[in-house]
Amino acid sequence: MALYKSNNKNEPGENTRAIHHGKSFAEGTGCVMPPIFQTSTFEHGNIEGFDYTRSGNPNFKILEKVLISLEGCKYGTVFSSGVSAITAIAASLTNQDVILCEENLYGCTIRLFEKIFKNYGLEIISIDFTKTSNIDKISELKPSMIWLESPTNPLLKIIDIKSICGKAKQDNIPVVVDNTFSTCLLQRPLDLGATISLLSTTKYINGHSDALGGAVLTNDKNWQDRMIFSQKSLGLQPSPFDCWLITRGVKTLKLRLKQQVKNASEIADFLALNPLIDSVRYPFRSDHPQFHLAKDQMKAGGAMITANIKGDLEQTFLFCKNLKYFTMAESLGGIESLICHPSTMTHASISSNRKAKLGIGDNLIRFSIGCEDFVDLKDDIQQSLNQLL
Ligand SMILES: Cc1ncc(COP(=O)(O)O)c(C=O)c1O
């Protein structure tokens, strides 16, 4: 898998940058791994300028430095979860501001916007950004912010980030791209013109399903200042221990992704041939509706697959439950494979009408492909499908 190379020839490669996190804030000890700075407060006037962990901690700084380096950007702020990172951005807007969203977003992003921020006066408009005519609506609607995911959760729609950012730039509209499904190793939203690249570091960045985190990456100093302000004033900071775990997890991001992407592309092809599967969506399969855009925008197709089973809700659940190596669970991006039923899990908070309109039906399943051996995953899927016969 050819991943991003640095624009700077003198810069070390991605594995090196992920592994060598730099300053450990423990100079003189020779420690190879940084300590966990499990402290709520710091002595006034210390050289590094820390004061209270809600507004900064060495473990935050270490993780931010790695993420900034991998993303190839100027600024980064870490948060306690992906949802905290989303909150930090949305809370920077004011009463009557309008967020123009891609209609298919992670369920809890929609819930946060519709059920919380709407109450504080934000207006939310959702459109299908795969339609070119809707991209043209940006200049007409002139929103305060545009919010995208690509690939989207769970339908894996590919959104044309470059075209949307180009339009948005004409009116100085900031564009946020939730890059959780790809990470900066597969897709670089900031290079495509986005103002902010957002990550739930809970997923691929950490990769071991044992910590929660979020990050906001940007080249815009003004947005960086807002993120630091949100972190401390809303109490959205992560724990030092979670940052330490994520700093350890990210060291193997590229290695993990290589195996996951390889597995996923083979599993997608295998599923597509199976008579009990109605349809499969994987960005780098030629039958994906935005295949050419995906090839253009992404370095690889990622490790998420969405499929429709030929069956009803009961059979779909049976399939999920009978899998041995895929745990039926929320979340994604870990080394262990997971299966999810979006309609009743990640997108349970979305109204039935909206789910029906989007195409999140009873027989839709979402695979997060892990690092296991392909043959074991394939055989597991086959044995579970066989039980539906
Ligand atoms: C695309 C996307 N963004 C954000 C989040 C939220 O992340 P977290 O669970 O770390 O709050 C998720 C969680 O599944 C997600 O899939």
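On a predicted model such as this, the values are computed, not experimentally measured, just so you know.

Calculation notes
Residues numbered from 1 in each chain as written. Predicted model: local features only at pLDDT ≥ 70, side-chain atom pairs only at ≥ 80, totals over all residues. Heavy atoms only, no water. Helix = DSSP H or I, 4+ residues; strand = E, 2+ residues; numbered from the N terminus. Rg over C-alpha atoms; globule rule 2.2 N^0.38 Å. Buried < 20%, exposed > 50% of the residue type's maximum accessible area, 1.4 Å probe, protein only. Contact = heavy atoms within 4.5 Å. Areas by Shrake-Rupley, 256 points an atom, 1.4 Å probe, with all protein chains shown as cover. Domains from an automatic or database assignment. Buried area = accessible area lost by both parts, 1.4 Å probe. Axes fitted to C-alpha atoms, helices over the stretch in contact; angles between N-to-C directions. Left-handed = near helix turned anticlockwise from the far one by under 90°. Nonpolar A, V, L, I, M, F, W, Y, C, P; charged D, E, K, R; others polar. Pairing = 2+ DSSP bridges. Near = heavy atom within 4 Å. Polar contact = N/O pair within 3.5 Å; in protein donor to acceptor, adjacent residues only side chain to side chain. Salt bridge = Lys/Arg side-chain N within 4 Å of Asp/Glu carboxyl O.

Before going further, it helps to examine the overall build of the chain. Assigned secondary structure in the chain consists of 13 helices and 12 strands. Here the chain has a C-alpha radius of gyration of 21 Å; the compact-globule value for 389 residues is 21 Å, and the two agree. For the C-alpha atoms alone, the extent of the chain along its principal axes is close to 70 × 50 × 40 Å. Considering the chain as a whole, with its 389 residues, one finds that 56% of them fall into the buried category. Within the chain, residue pairs in contact and separated by at least 24 positions form 72% of the contacts whose partners lie at least 6 positions apart. By element, 51% of the accessible surface of the chain is carried by carbon and sulfur atoms, the whole surface being about 16400 Å².

Attention shifts here to the domain arrangement of the chain. Domain boundaries assigned for the chain yield domain 1 (14-250) and domain 2 (253-386). Here the C-alpha centroids of domain 1 and domain 2 sit 25 Å apart. The interface is formed by 43 residues belonging to domain 1 together with 41 residues belonging to domain 2. Across the domain 1/domain 2 interface, buried area totals approximately 3500 Å², and carbon plus sulfur atoms make up 59% of it.

Here we come to the packing of helix α3 (residues 82-90) against helix α4 (residues 107-116). Any two packed helices are characterised by how steeply their axes cross, that is the angle between the axes, and by the distance between the axes. At a closest axis distance of 11 Å, the pairing of α3 and α4 adopts a crossing angle of 35 degrees. Considering the relative orientation of α3 and α4, their crossing is right-handed. In this structure, α3 contributes Val83, Ile86, Thr87 and Ala90 to the contact, and α4 contributes Cys108, Thr109, Leu112 and Phe113. Partitioning the contact of α3 with α4 into residue classes produces six nonpolar, two polar and no charged.

Most of strand β7 (residues 214-218) is tucked away: five of the five residues are buried. Residues Gly214, Val216 and Thr218 line one face of β7 and the alternating positions Ala215 and Leu217 line the opposite face, and both faces are buried. In this structure, strand β1 (residues 75-79) lies alongside β7, joined through five bridges in antiparallel fashion. When the sheet's bridge partners are listed, valine 78 is paired in β7 with alanine 215. Direction of pairing for strand β6 (residues 196-200) relative to β7: antiparallel, over a ladder of five bridges. Its bridge partner lying in β7, leucine 199 is registered against alanine 215.

Before going further, it helps to spend a moment on the site of the ligand. Within the structure, the ligand sits among 14 residues, and Gly82, Val83, Asp178, Ser200 and Thr202 are positioned closest to it. A distance of 2.9 Å separates an oxygen atom of the ligand from a polar atom in the backbone of glycine 82. Here the ligand loses 93% of its free accessible area of 390 Å² to cover by the protein chains. Grouping the amino acids of the shell around the ligand by side-chain chemistry returns four nonpolar, seven polar and three charged.

If charged atoms from side chains of opposite charge come close, those side chains can pair. Scanning all chains against the criterion turns up 18 salt bridges. In this structure, lysine 61 and glutamate 64 form a salt bridge, with 3.5 Å as the shortest nitrogen-oxygen distance. Of this pair, lysine 61 and glutamate 64 both sit in helix α2 (residues 58-71), three residues apart, roughly one helical turn. When its relative accessible area of 38% is taken as the criterion, lysine 61 is described as partly exposed. Among the salt bridges present, the one from aspartate 171 reaches lysine 142, with a minimum N-O distance of 3.5 Å. Taken together, the residues aspartate 171 in the loop between α6 (161-170) and β5 (175-178) and lysine 142 in the loop between α5 (132-141) and β4 (145-149) connect sequence positions 29 residues apart.

This paragraph deals with unusual backbone geometry. For the peptide bond that leads from serine 150 to proline 151, omega is -5 degrees, which places it in the cis range. Position of proline 151 relative to the elements: it lies in the loop between β4 and α6. A cis amide bond links asparagine 153 with the next residue in sequence, proline 154, at an omega value of 5 degrees. Note that proline 154 resides in the loop between β4 and α6. Of note, serine 331 is a non-glycine position whose phi angle comes to about 85 degrees, a positive value. Structurally, serine 331 can be placed in the loop between β10 (327-328) and β11 (338-340). Residue class for serine 331 comes out partly exposed when judged on its relative accessible area of 21%.

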